[in-house]
Every structure is written in structure tokens, then in C-alpha cells.
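# Residue-level structure breakdown
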Amino acid sequence: MTRSDLLALTPDTLASLANRGLVKRADKDLAAGSGPEVTTGDDGTVRGAFPDGTVTVLPPGRSLDAADCTCAAAGMCRHRIALVLAYQRGTPEQPPAAEEPLVDWSPGAFDDDALAAALGRPALTAAHRVRARGYTARVHRPTADDPAPRVELPTCTVRFPVPRALGYALTDAAAALRGEVITLAVWAFRAADAERTTEVSVGGRTTTPTAAAGEAMRAALALADELLLDGVRQAGPVFTGSLRRAGRALAATSRHWPAGAVDDLREQLDAYTARATRYTPERLAFLLAELHARHRASDHEPVGVLGTAEAPETPLRRVRLVALGCRIGGTARDRTAETYFAHADAGIALVLRTRWDLTEDQHPTGHDLSERRLLGSPLHALATANVVSEHTTRAADRTVTLSRGRIAATSITPVGSAWTELPPALLVRDTAAHLRAAGERPPRLIRPRVAADAVRVVMVDAVEEVGYDPAAQRLEAVLRDPAGNGVHLHADYNPLCPGGLDALAAALADDGIRAVSGMLGRARGRTVLDPLAVLTDDGVTVPDLAPGAGDSALEAAAHRPHDPVTAALQAALTALADAAHQGLRHLTPATRTALTDGADRLRRTGLNAAAGLLDDLTRALHDEGAPAAAPHWVTAQIRLTTTLDLHQEDG
């Protein structure tokens, strides 16, 4: 610390370094005559001896918080502040700091050795990770009105109130991030000085393809960790922009499944900002865990876990697609339609996604949207059609794009009997045999991110036990396939499609029912089907596009027994999701209690290993802090998610 440093410390700067209460207390002590006796050594050391016996020493080259003081305070204390104020008042021959001539200097003059010496190597290492994925900044150079240089980083501001002194840099970032963001600010000034500009983009490394892939994955994981630590409330537009860049970098290096997870994370944050029902803490937690799970499993099965064998886009020259129905979603600001197709020649299902922006006075239902035209035909016709196109592109996640500019090369005709002519990979007559043949699938967290992976057409021999569960707002039924297997159908009420459940119930009651399309899988040891459309002798019914107000009286569904294992796992996952939503740095007492209660509940159901993971998380949060607890959260989320999936599949 130099003499000029001490004179440059204004009361406002001192308040920022400590707090305003300490500055007022120190000033009050000086006024009462309880200030220190100040002496200055030949080497520039400033020493203060207080009446209460406390001695404070400010050596040259050290910041105020690194000064020596014999008082019992753990950090910044009133004695340090009082010594600075006493020194300033004891040198009246010097002009006040505010009257000193403007010092035209740049923080960019500090080299990395100086940064490491002042801020520590860990701060430099953390900043290097940020620079590797790139960041933007705006620099403000010293002026007569504002002599302190400052930098606006994406998430905070850094000021340098004392010329050429890193130790006095101020930031509104959290204390744990101080060294990192000051380093980023210095680098921003360095880049701005070189480019002679005020707006800069720093970093973003150019690497070989293999190195680029690893760098893209590390950048995505770093963003996921940042979101886990700080929660959704702290994630602003700059952060979502970083997610967008990370997703593009992953896709560019053929990490298609992690790229999809990053894109879904960004959509969750957008939905949270818009207060849309698409956002749920459980979905956010799943996506955060998915990124880490894919990274952890990538050494064992990189192709399936990362999607590296998938081409970003595959042109399909001439393709025949059989529509399998449509699913409507959206928010107050938009509506979306996912139209599902069977690509018979490939034996796979594809999905066409469409989005419409809404004005404040628009509130279309699924039935209203059924008249919107796509590729020259109403949506209800497209969702029940055979489509032949010469200009179709399939993305890595098996979403499909039909070129709007070449409508003449696309023909749309009624679906007719095309469902019953699909290949066995898509048309299921024996659900038990089909699911057995599918074999053991990887856990959902590392499964290929294929949009319509589970979509099938199930032939129906009979319909049993149709009923409505008012508590869950769900229509349930038991179907029998031609092999005699029971298939448990369940369809949740969609407020955007009020007539959907009524139309589905009517179609299931039709004596001419032939098949149901939907997502086929297993849950609680049973074969389950989430329906998209129903084929009867009269044609195809798409519930999400059906008219009606949803006011039909439906028979009540049979009571389902309570499953304590599922309930315990879901309660623990809810607590983990709430923790991710809030951010591990900002947990409420209620969430901490929920994590502890979740562990106890798991232990009572015999899931001792899962309970131990929650115990490890709560212990790390208490003893080591949020950053150290983050890996424990990830491990617990992965384990409990997979356990619940397996339990529900096996029953």
C-alpha cells in the first residue's frame, strides 16, 4: 500500500470495501479522540496505535483487507478504516483525493502474473474457463466526472477506484467470484486497449475438432453448474445467450444429445421468464443432471450417449410419411403443434414442429388451430394424412422440416388404411413381444434424444375399463392388443384442448375402433400408452384438435393403490428440483428441511443408498458450501431419477 493509495480511498470506497457502518464508527471514534497515533516508516509502512492497545499496520504493496491488526475481528475492522481516515487527516498539506489531477490509466496494464499475485491462481483458473467459452464486456475509461475505470461484464460490474491497485477493485458480484470477475475485467480492458474500442468480445478458443468437442462440453457443464448454484432467478438474457452459444458449439462438434439438453435448458429459462406452464423445477433438474450423466457415460458409449454418429441434418429426397396425430402445447404468447409421422421405409417416427406467435387478444384452442394451414392444407388434414415430399430434411433428433418453398413438390392425401400397412417396427400387434424385443434400454438420462422414439401404432382388439380420474385430471383405459396383452392408456387433460378427453372417450367407445397411436412404454410394471390419435372405421380422431368444451360426464376411473416407494422417490426428487430452482447458494430453510425429510422417507422405504446420497448433499451444504455440494446434488439427482424410472418400469 502506497501513500497515494491511502489518499485515494474516499469514504464511499471504504464503505464498499467494508460497510458504511464501520466507516461511521471509525469517523465517530476519531471525532471523540479515540483515533490512533499514526507513524510512518522509512519503507512506507503506516502504523496506528490505538488508546485501547490495538495496533494496526498497513505495509506497502498490500491491500487494506490484508493489513495486520491485533484486534479480534476476523475480517475488515474499524481500526483499519480509522487508520486510513487518520492518515488522510494528518496530511493537510496534501490535496484531497477528489482534487487530485485525473490519472489516465488502464487496468489492462496488469499482466497475468500481477493478477495471480493479487487475486490468487484459483481466480485466474476460473477466469480462464470463462474466457475459453467467450464473453462480452463494455469498458468505461477514466473521465473527470468519473475517474474510476470500470467494466460492465455480462453479470456484474467491476470498478477500479484506486489507480494501479488491484487490491481495491470493487464489484457487485458475490465474494466468492471477486477474483474471477476482476480478472475478466482486466482482460476486457486489455482487449479494448488493443482494439481501441469500448465494446469487446473476449475469448472463444479456436481448437482442433477433438479439442473443440471437449471444450464445448466443458463450457456447457460450467453453465449447468452456474445455473445449479445460482438458480433460475439469477439467469438473465446474457446467461441464456451463453446457453445458446454452448448448444451451437456442441452441435457443431456432433454432440447432438447434449446440445439438445442445453437447448431445452434455455427454453426452460425462457418459459420461467414468461411465467409459462412449460417451466417446471422438475424438468430443470432433469436437464441439469442429464448433461452431467452424458458426460460421465461418454467414455463407455460415446455414440449413443452423445449422438456423435447422427448427422446434423439428413436430406430426404422423396419420402412418404404417414401422419399419426398431433399434440398441442403453448403459452399465453404462443401455440405449438407437434405433428407425428411414421417414415415407413426407415421404420422410425418423425415429428414436425410448428409454432405460432399470439397477440394479447388471441386464445386459440387446439380445435381453432386445426384450421391453420400448413403446406397448403389445414392442420387437421395434415395430422391425418399421407404426405409425399421431395424436399424434406430430418434433424439429428428426428424432427422433420418440409420445405415451404416447394409446396408443389409435396402432396397430401387422406391417411386411409395406411396405419395398418406400416412395418412391424411401427405397427404393434403384440405389445409384450415388442417391448421384449426392444431389449434393455439405457437409462432415460443418457438415452438418445429422439423426439418420437417411443411413438407406435398399437392394434386394438378390445377396450376395457374406461374411466376418468378427477384428481389427476386424467382419462384412463385398458386396451387389449390382438395377442391378448393389456395396455394401460392414460391421457392427461390439456387446458388448450378442452374437448380432447371427451373426443378420446367417444373414440374408445366406438365399436369400430381399430388402432391407437401414441408413446408406448412401461410404467409400474405395466405396458402404458399415451395416445395421440385413434383409428376407427369412420377415420382418425385427433383428440387435441377436437371441438368441444370438455363438459361431458365421464365415468370415474378405478382406484389405484398407493405406492410408498414411488411416493418417497418423487418427494426426494421434488426437494432436489426445488434446490436447483432456488440455486444451491440460495436455499431456503424449508428446502433444506425437505432434503433431510426426503432422506428419512427414503430410508423408511428401504432405499438406504439413495438416502445416503441426500445425506451427503446436506452435509456438504452445511460443512463445505454450495460449490462443494454441487457434485453431490448431481449424483443424487442421477441416482434417484434412474431408480424411479426403473421402479416404474419394473413395478
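Residues numbered from 1 in each chain as written. Predicted model: local features only at pLDDT ≥ 70, side-chain atom pairs only at ≥ 80, totals over all residues. Heavy atoms only, no water.

### Observations concerning the overall build of the protein chain
Quick reminder of the rule: The secondary structure listing takes helices from DSSP runs of H or I that are at least 4 residues long and strands from runs of E that are at least 2 residues long, numbered from the N terminus. Think of it in three bands: residues with accessible area under 20% of the maximum for their type are buried, residues over 50% are exposed, and the middle band is partly exposed, with areas taken using a 1.4 Å probe on protein chains only. Working rule for contacts: check all heavy atoms of both residues, and any pair within 4.5 Å makes them a contact. Shrake-Rupley sampling with a 1.4 Å probe provides the accessible areas, and residues are treated as covered by the protein chains on show and by no other component.
Looking only at helices and strands, the protein chain features 20 helices and 27 strands. Counting the 651 residues in the protein chain, one finds 48% classified as buried. The long-range share in the protein chain, meaning contacts at least 24 apart out of those at least 6 apart in sequence, stands at 64%. Carbon and sulfur atoms make up 49% of the accessible area of the protein chain, which amounts to about 30300 Å² in all.

### Overview of the sheet that holds strand E4 (residues 68-69)
Operational definition: Whether two strands pair comes down to DSSP finding at least two bridges between them. Comment: axis = line fitted to C-alpha atoms, over the contacting stretch for helices; angle = value between 0 and 180 degrees taken between N-to-C directions.
With antiparallel pairing, the four strands of this open sheet are ordered in space as E1-E2-E3-E4. Where the open sheet ends on each side, the last strands, each with one partner, are strand E1 (37-40) and E4. Examined bridge by bridge, strand E3 (residues 55-58) and E4 share two bridges and lie antiparallel to one another. Bridged to valine 57 within E4 is aspartate 68. The sheet contacts of helix H4 (residues 78-89) involve E1, strand E2 (46-49), E3 and E4, and relative to E3 the element is tilted by about 65°.

### Remarks on helix H19 (residues 608-623)
Applicable threshold: A helix is expected to reach a length of 1.5 Å times the quantity of its residues less one.
Between its first and last C-alpha, H19 extends 22 Å over 16 residues, near the 22 Å set by a 1.5 Å rise per residue. Among the residues of H19, Ala610, Ala611, Leu613, Leu614, Leu617, Ala620 and Leu621 are the ones counted as buried. Looking one or two residues beyond H19, the residue adopting positive phi is glycine 625, at roughly 100°.

### Observations concerning the packing of aromatic side chains
Heads up, the rule is: Paired rings are identified among Phe, Tyr and Trp, the last through its six-membered ring, by centres lying within 6.5 Å, and are further divided according to the angle between planes into stacked (under 30 degrees), edge-to-face (over 60) and tilted (the rest). Charges are assigned to positions over rings by a cutoff of 6 Å between ring centre and Lys NZ or Arg CZ, combined with an angular limit of 35 degrees from the ring normal.
Using the criterion set out here, one finds three aromatic pairs in the structure. Seen in terms of ring centroids, tryptophan 105 and phenylalanine 110 are 6.2 Å apart; in terms of plane orientation they differ by 85°. Their pairing is edge-to-face. Side by side, tryptophan 105 and phenylalanine 110 carry an identical accessibility label, which is buried. Ring pairs connect the aromatic residues Trp105, Phe110 and Phe160, which therefore count as one cluster. Its guanidinium or amino end placed over the ring of tryptophan 187, arginine 131 lies 3.8 Å from that ring's centre, counting from NZ or CZ.

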